[in-house]
Amino acid sequence: MLLVIRNILFFFIIISAFSCKKTFKPATDAFFVTTENITIITEPGQGYGSHNITDLWIYTNGFFRGAYPVGAKMPVMIEDGKSMMDVFAGIKNNGISRTRISWLFYEPIKLDTNVASGQNIVRNFAFKYRTSVIFPWVENFELPGFSLIKSSISDTTYKLHANDSHIFEGNKSIELGLAGLALIAQLETATSHSLPLSNSNVYLEIDYKSNTDFIIGTSTNGLLYEAITITPKENWHKVYVSLAESINSDRTTSMKKIIIKIKRNQNIPEQKVYIDNIKLVYI
């Protein structure tokens with residue numbers, strides 16, 4: 001009798017297993033998008049459209065699908081015949097590979113299109129700054145007179161380059177350097193800027209090339225609070241520097257100056273940093 005009961009139970013288990021399979025849905029269809037070129041469209045007062053977007057963060061039909069290196073095939077899920085795609089730019093926070101973030105200062109790109117499942121389309125992306133982004137300070141060294149000055153502790157000042165091999169964009173850039181017995185090269189904004197405290201989204205965008213480390217920070221009432229030490233790059237490179245921690249190191253006032261500083265390294269006879277296209281932004 002016990003054997004009969006076991007056989008009946010086994011029979012029902014098998015039947016249930018096969019009947020459950022009928023409710024499984026096939027994998028969601030998808031097509032793919034690849035981008036070969038990314039540009040930044042700027043308006044007056046927003047500086048040049050240089051960027052260092054390394055990743056694209058993808059949402060389809062409202063769900064996050066992953067972050068993909070620029071140039072990779074990105075899947076776009078098709079659900080109920082619909083495929084709405086939101087593309088966010090991704091950067092290396094402070095230029096550090098392990099701290100990649102979605103760059104909230106650009107508007108996401110929205111795509112509402114249907115493509116046959118399995119196909120790959122090539123789509124170039126042009127990002128714009130969000131209308132809510134504030135630009136307290138932009139300097140590209142093109143106009144007469146600059147908003148950067150030599151700090152009182154600096155042993156040297158900057159050199160202007162015009163129409164030579166050290167230009168990044170436009171016609172001019174500057175060089176900050178140290179050599180010989182000079183120990184400190186430091187520039188600061190000519191005026192203080194009112195920056196929001198308790199706000200993590202305050203950044204300095206800067207294009208540079210250098211043969212030496214240099215420091216970016218802010219100063220409050222003449223005291224420097226370092227944000228980051230930037231490493232040398234042989235070719236022009238863009239970095240997005242988070243200033244929030246530096247700004248909030250002294251909360252007695254929101255009025256801050258931006259500091260660019262080189263310390264003497266005796267192993268490098270002539271330390272040089274070339275700078276262009278500076279933007280102070282927050283949102």
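Going by the structure above, here's the rest.
A short tour of the structure in this document, coming up.

Reading the values: rules and limits
- Chains are numbered independently. Their residues run from 1 in the order of the written sequence.
- Totals for whole chains, interfaces and linings use every residue, but because this is a predicted model, local features are given only for residues with pLDDT of at least 70 and side-chain atom pairs only at 80 or more, for both listing and counting.
- Side-chain numbers here rest on the full set of heavy atoms in the structure, without hydrogens or water.
- Strands are labelled as partners when DSSP assigns at least two bridges between them.
- Segments assigned H or I by DSSP are reported as helices when at least four residues long, segments assigned E as strands when at least two residues long, and all are numbered from the N terminus.
- Axes here mean lines fitted to C-alpha atoms, for a helix over just the part in contact, with angles spanning 0 to 180 degrees between N-to-C directions.
- Partly exposed describes any residue whose relative accessible area lies between the buried limit of under 20% and the exposed limit of over 50%, with all areas from a 1.4 Å probe on protein chains only and scaled to the type maximum.
- Throughout this description, the term salt bridge denotes a Lys or Arg side-chain nitrogen within 4 Å of a carboxyl oxygen of Asp or Glu.
- Nitrogen and oxygen atoms within 3.5 Å of one another constitute a polar contact, given that in protein one can donate a hydrogen and the other can accept it, and given that sequence-neighbouring residues count only through two side-chain atoms.
- Residue types Ala, Val, Leu, Ile, Met, Phe, Trp, Tyr and Cys, when buried and joined through side-chain atoms within 4.5 Å, form a set referred to as a nonpolar core.
- In what follows, residue pairs with any heavy atoms lying within 4.5 Å of each other are defined as contacts.
- Between 30 and 60 degrees the pair is tilted, below 30 it is stacked and above 60 it is edge-to-face, where a pair is any two Phe, Tyr or Trp rings, Trp via its six-membered ring, whose centres lie within 6.5 Å.
- We call a charge positioned over a ring when the NZ of a Lys or the CZ of an Arg lies within 6 Å of the ring centre and within 35 degrees of the ring normal.

**Quick notes on the sheet that holds strand 9 (residues 120–122)**
At step 1: Spatial ordering of the open sheet is given by 5-1-9, a layout of 3 strands whose pairing is mixed. The two strands at the open ends of the sheet, each matched to only one other strand, are strand 5 (74–78) and strand 9. Taken pair by pair, the neighbouring strands of this sheet meet at an average axis angle of 30°, ignoring direction.
At step 2: As paired strands, strand 1 (residues 29–34) and strand 9 are joined by 3 bridges and run parallel to one another. Following the sheet pairing, Thr34 is matched in strand 9 by Val122.

**Observations concerning unusual backbone geometry**
At step 1: Within the chain, Asn94 stands out as a residue other than glycine whose phi angle is a positive 60°.
At step 2: Its location among the elements puts Asn94 in the loop between strand 6 (84–92) and strand 7 (100–102).
At step 3: Overall, Asn94 belongs to the buried group, its relative accessible area being 18%.
At step 4: Within the chain, Ser198 stands out as a residue other than glycine whose phi angle is a positive 55°.
At step 5: The residue Ser198 is located in the loop between strand 16 (193–194) and strand 17 (202–210) in this model.

**Regarding the pattern of salt bridges**
At step 1: With the rule as written, the count across this model stands at 7 salt bridges.
At step 2: One salt bridge connects Glu188 with Lys257, and the closest N-O pair in it is separated by 2.9 Å. Residue Glu188 is located in strand 15 (residues 184–189), and its partner Lys257 is located in strand 21 (residues 255–263); the two are separated by 69 residues in the primary sequence. For the residue pair Glu188 and Lys257, the accessibility class agrees, reading buried in each case.
At step 3: A salt bridge links Lys263 to Glu226, with the nearest nitrogen and oxygen atoms 3.8 Å apart. A residue pair is termed long-range when its members are at least 10 positions apart, and Lys263 in strand 21 and Glu226 in strand 19 (residues 223–230) qualify at 37 residues.
At step 4: Residue Lys263 is classed as partly exposed on the basis of its relative accessible area, which comes to 45%.

**Here's the deal with the side chain of Lys238**
At step 1: Tracing the backbone shows Lys238 in strand 20 (residues 233–242).
At step 2: Side chain to side chain, Lys238 and Ser50 meet in a polar contact 3.0 Å long.
At step 3: At 3.1 Å, the side chain of Lys238 forms a polar contact with the side chain of Glu205.

**A word on the nonpolar core**
At step 1: Core analysis: the largest hydrophobic core is formed by 30 residues, its most contacted members being Leu204, Ile216, Leu243, Ile260 and Ile278.
At step 2: Taken together, the elements giving at least two residues each to this core come down to strand 14 (172–179), strand 15, strand 17, strand 18 (214–220), strand 19, strand 20, strand 21 and strand 22 (270–282).
At step 3: For this core, the element with the highest residue contribution is strand 22, accounting for 5 residues.
At step 4: Look past the residues within four positions of Ile216 in its chain and what remains in contact with it is Leu204, Ile206, Glu226, Ala227, Ile228, Ile230, Val241, Leu243, Ile259 and Ile260.
At step 5: Core analysis: the next-biggest nonpolar cluster, separate from the first, contains 28 residues, Ile38, Ile40, Phe127 and Tyr240 among them.

**Some points on the packing of aromatic side chains**
At step 1: Inspection of the entire model under this criterion finds 16 aromatic pairs.
At step 2: A network of ring pairs unites the aromatic residues Trp103, Phe105, Tyr106, Phe125, Phe127, Tyr129, Phe135, Tyr203 and Tyr240 as a single cluster.
At step 3: Over the aromatic face of Tyr274 sits the side chain of Lys209, whose NZ or CZ is 5.2 Å from the ring centroid.
At step 4: The ring of Tyr240 has Lys238 sitting right over it, with the charged end atom 5.8 Å from the ring centre.

**Some details on the side chain of Thr220**
At step 1: Mapping Thr220 onto the fold places it in strand 18.
At step 2: Judged by relative accessible area, Thr220 falls into the buried class, the value being 0%.
At step 3: At a separation of 2.8 Å, a polar atom in the side chain of Thr220 contacts the side chain of Lys256.
At step 4: Residues contacting Thr220, with those up to four places away along its chain left out, are Tyr225, Asp250, Thr252, Thr253, Met255 and Lys256.

**Let's talk about the environment of Ala244**
At step 1: Note that Ala244 resides in helix 2 (residues 244–247).
At step 2: Sequence spacing of Ala244 and Leu195 is 49 residues, and the spatial spacing of their C-alpha atoms is 9.4 Å.
At step 3: Sequence-distant contacts of Ala244, that is, excluding residues within four places in its chain, are made with Asn199, Ser200 and Val202.

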